[in-house]
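Chain by chain, the residues run as shown.
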Amino acid sequence: MKTYGLAILAAVAAAPVMAQETREMDSHVHGVSTMTLVVEGDRLEIELTSPGVNIVGFEYAASSDADKDAIAQALRAMLVTENIVSLPDAAQCRLTDVAVNLNADDDEHHDDHGDDAHNHDDDHDNADAENADSAEHTEFHATYGFDCGDPAALTRIGLPFFDQFPNAQEIEAQFVTDAGASAAEIDRDTAELVLNDA
Amino acid sequence: MILRLASQSLMARALTVGMTILAIALSVGLFLGVEKVRTGARASFADTISGTDLIVGARSGSVQLLLYSVFRIGNATNNVTWESYQDIAARPQVDWIVPISLGDSHRQFRVMGTTPAFFDHYQYRGGRSLDIAEGHGLDDLYDAVIGADVAATLGYAVGDPIIVSHGLASFTDHTDQPFRVAGIIAKTGTPVDRTVIVTLQAIEAIHVDWQNGGNTGRSTPVDVIRQMDLTPTAITAALVGVESRLQIFGLQRWINEYPEEPLLAVLPGVALQELWQIVGIAETALIGVSALVVVTALIGMMAMIFSSLNERRREMAIWRAMGARPATILGLLVTEAVLMAALGGALGLILLYVSLFVGQPWIDAAFGIWLPIAPPTLREAWVLGIVMVAAAVVSLFPAIRAYRLSLADGMMVRI
């Protein structure tokens, strides 16, 4: 009985929170992946976000074994750095860390929801339902970190990513190097990011 | 031999040849000028801000944010609340943050409220800092530091009073609270030259008696205002420097996903790149049009040579009789054309530099674009070379005709 009362109290308390909840969604363009690249000192960090349709060809929550296999295979492929980016040998870059996951952004949002309304089951269910909705647009997310012997030699970065995933059409890249910040659109045909053009 | 003949022949027809050369000169000057303005404008924009990692403003377009915050072009869609500003400033990744508040003006110049830190962190042209040429920085609430163009245009010296107008192009002045010119910034070639800089608190102070955009009629004495809490409620934008470059994108994402207020953080270089993508279409069109003008001038030259053929038939025939081979006739005409193109190109280059010298200060004052006067580059040499080759190709048509005619005519010219 007591817990019941608490639940009602929580529900009432949670109501204004729900009303104030901000609703927004990032834009999501099929075929277009985004990449950020930073060079500072010897450190090179690359982050790649790609809609699921580019990688596995679908964006619904995987239910069949075939779909799950496809996702597992894609994640494995993205873990192998050589499948995604090829760095100039002269730069002597050594991979130090790599992380690949599916739907990273939505997971973060989920955590936030949890913080907002603790010990309240209803709200949690809601958040889950919301998550399921947004999961219709799944995104693959990969980060790669390198230590480079000669970062000045990082002039061109090849993107075998396009060969690996035939559905990927374009990467919108933003990069920051000693020459400053800039952006580039990379398509299948070039499949290469040219740095240090400033 | 042919060269001397060709130049003599051109001299003999100085008027028509002169007009043709002038047409080529104008077109080449235009073509090179468009390129100069294009690269000059790009360099000018790119040089305006450096050392700033992120610009934060209300959520709109990244290009728009860059334009209003740095270039004072256009206006903000929304302001950023002071709470959000402080939230961002408290992020561990933030090395420094400088708020900017726009919206008031002095004559034709924008007034910008900021903190003294602006002078420490704002950098232009690859890391140069602002240099206060005369006077000092923002020490007092009613101190104003003005850009070089403001001082030059309005004839201000350190110590002069300044009345700030409410809004842009408005007739209501903040007469009750005059500012004093505390310092004049050395010429930078950036929009800072055309800006009156005051403190953020001063922007609040002059609006103390204003509510909902109108003057309430009351006039709070200055010494009362000095005692008031002048913490702003909102700012227009903020410039941010991060501790480490590796954190730029993380901080950008945090700001863009900031739940309490829709904010936008952009990397200045990336926003500029986006701007060039938009402007690039117009640029290509401009270059295309000016290239067509060059083509038109060359076709004009071809028409001129064609029409001269008839009057020169007897001349050609005499040359043939003197022992000139038909190939010589052809060579003569092509050489004439190339000479005209070379002269036209050279004259065009001179025209370009003269107009650069004349127009540079005016373009700087009117548009804030500083066109550097640099010696001709390899690219210009290429353009001149291509124009000469094109002239040779174009003149082949009348030359071949002359070649044929001179074969057929012999001495018997039937005119």
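Owing to the predicted nature of the structure, the values given are computational and were not obtained by experimental measurement. (Residues numbered from 1 in each chain as written. Chains lettered and ligands numbered in written order. Predicted model: local features only at pLDDT ≥ 70, side-chain atom pairs only at ≥ 80, totals over all residues. Heavy atoms only, no water.)

Visitor: Lay out the overall build of chain A in plain terms, naming residues and giving numbers.
Guide: Across its full length, chain A carries seven helices and eight strands. Within chain A, contacts between residues at least 6 apart in sequence are counted, and of these 70% link residues at least 24 apart. Just so you have it, chain A exposes about 11000 Å², and 50% of that area is on carbon and sulfur atoms. (Helix = DSSP H or I, 4+ residues; strand = E, 2+ residues; numbered from the N terminus. Contact = heavy atoms within 4.5 Å. Areas by Shrake-Rupley, 256 points an atom, 1.4 Å probe, with all protein chains shown as cover.)

Visitor: I'd like a rundown of the packing of helix 2 (residues 14-48) of chain B against helix 10 (residues 268-311) of chain B, residues and numbers included.
Guide: Residue and element names in this part refer to chain B. At a closest axis distance of 8 Å, the pairing of helix 2 and helix 10 adopts a crossing angle of 170°. Of the possible angle classes, the one that applies to helix 2 and helix 10 is roughly antiparallel. Taken together, the residues that form the contact of helix 2 with helix 10 break down as 22 nonpolar, three polar and four charged. (Axes fitted to C-alpha atoms, helices over the stretch in contact; angles between N-to-C directions. Parallel < 35°, antiparallel > 145°, perpendicular 65-115°, else oblique. Nonpolar A, V, L, I, M, F, W, Y, C, P; charged D, E, K, R; others polar.)

Visitor: Can you lay out the state of the cysteines for me, pointing to particular residues and giving the numbers?
Guide: Residue and element names in this part refer to chain A. Applying the stated criterion across every chain yields a total of one disulfide over all chains. Shown here is the disulfide that connects Cys-93 with Cys-148, its sulfur atoms set 2.0 Å apart. Every disulfide takes its handedness from the sign of the S-S torsion; for Cys-93 and Cys-148 that torsion is 105°, giving right-handed. Taken together, the residues span a long stretch of sequence, with Cys-93 in strand 3 (residues 93-102) and Cys-148 in strand 4 (residues 139-148) at a distance of 55 residues. (Disulfide = S-S within 2.5 Å.)

Visitor: How would you summarise the pattern of salt bridges if you had to cite specific residues and measurements?
Guide: Within the structure shown, the criterion is met by 19 salt bridges over all chains. Among the ionic pairs, Asp-97 of chain A bridges to Arg-43 of chain A, the shortest N-O distance being 3.1 Å. With a gap of 54 residues between them, Asp-97 of chain A in strand 3 and Arg-43 of chain A in strand 2 (residues 43-51) connect regions that are remote in the sequence. We classify Arg-43 of chain A as buried; its relative accessible area is 16%. Residues joined by salt bridges that share partners form a network here, namely Glu-35, Arg-38, Arg-42, Glu-283 and Arg-379 of chain B. (Salt bridge = Lys/Arg side-chain N within 4 Å of Asp/Glu carboxyl O. Buried < 20%, exposed > 50% of the residue type's maximum accessible area, 1.4 Å probe, protein only.)

Visitor: With reference to specific residues and values, describe a negative patch on the surface.
Guide: A cluster of acidic side chains, namely Glu-172, Glu-185, Asp-187 and Asp-189 of chain A together with Glu-274 of chain B, defines a negative patch on the protein surface. Taking relative accessible area as the criterion, Asp-187 of chain A reaches 36% and is therefore assigned partly exposed. (Patch = residues over 30% accessible without salt bridge, like charges linked within 9 Å, V, L, I, M, F, W, Y side chains within 5 Å. Lys, Arg positive; Asp, Glu negative; His and termini not counted. Charge placed at Lys NZ, Arg CZ, Asp CG, Glu CD.)

Visitor: Tell me what's going on with the sheet that holds strand 7 (residues 180-187) of chain A, and back it up with residues and numbers.
Guide: Taken in spatial order, the six strands line up as 3-4-2-1-6-7 (chain A) in an open sheet, and their pairing is mixed. Edge positions in the sheet fall to strand 3 and strand 7 of chain A, since each of these pairs with one other strand and no more. Strand-to-strand twist of the sheet, defined as the mean angle between neighbouring strand axes without regard to direction, takes the value 15°. Examined bridge by bridge, strand 1 (residues 32-40) of chain A and strand 6 (residues 170-177) of chain A share seven bridges and lie parallel to one another. The residue bridging Val-32 of chain A from the neighbouring strand is Glu-170 of chain A, located in strand 6 of chain A. Strands in contact with helix 9 (residues 248-256) of chain B are strand 1, strand 2 and strand 6 of chain A; relative to strand 6 of chain A, the strand with the most contacts, it is inclined by about 115°. Against the sheet, helix 10 of chain B engages strand 6 and strand 7 of chain A, with an angle of about 50° to strand 7 of chain A. (Pairing = 2+ DSSP bridges.)

Visitor: Please give an account of the packing of aromatic side chains that cites residues and values.
Guide: Throughout the structure, instances matching the rule amount to nine aromatic pairs over all chains. Measuring from ring centre to ring centre gives 5.0 Å for Phe-118 of chain B and Tyr-122 of chain B, while their planes differ by 20°; the resulting arrangement is stacked. Cluster of aromatic residues (ring-pair linked, three or more members): Phe-161, Phe-162 and Phe-165 of chain A. Taking NZ or CZ as reference, Arg-91 of chain B lies 4.1 Å from the ring centre of Trp-254 of chain B, over its face. (Phe/Tyr/Trp six-rings, centres within 6.5 Å; stacked < 30°, edge-to-face > 60°. Lys NZ or Arg CZ within 6 Å of the ring centre and 35° of its normal.)

Visitor: Quick rundown of the environment of Gly-344 of chain B? Include the residues and the values.
Guide: Residues and elements named next belong to chain B. In this structure, Gly-344 sits in helix 12 (residues 326-367). Here the alpha-carbon distance between Gly-344 and Leu-230, two residues 114 residues apart in the chain, equals 64 Å. With sequence-adjacent residues up to four places away left out, Gly-344 is seen in contact with Ile-21, Ile-24 and Ala-25.

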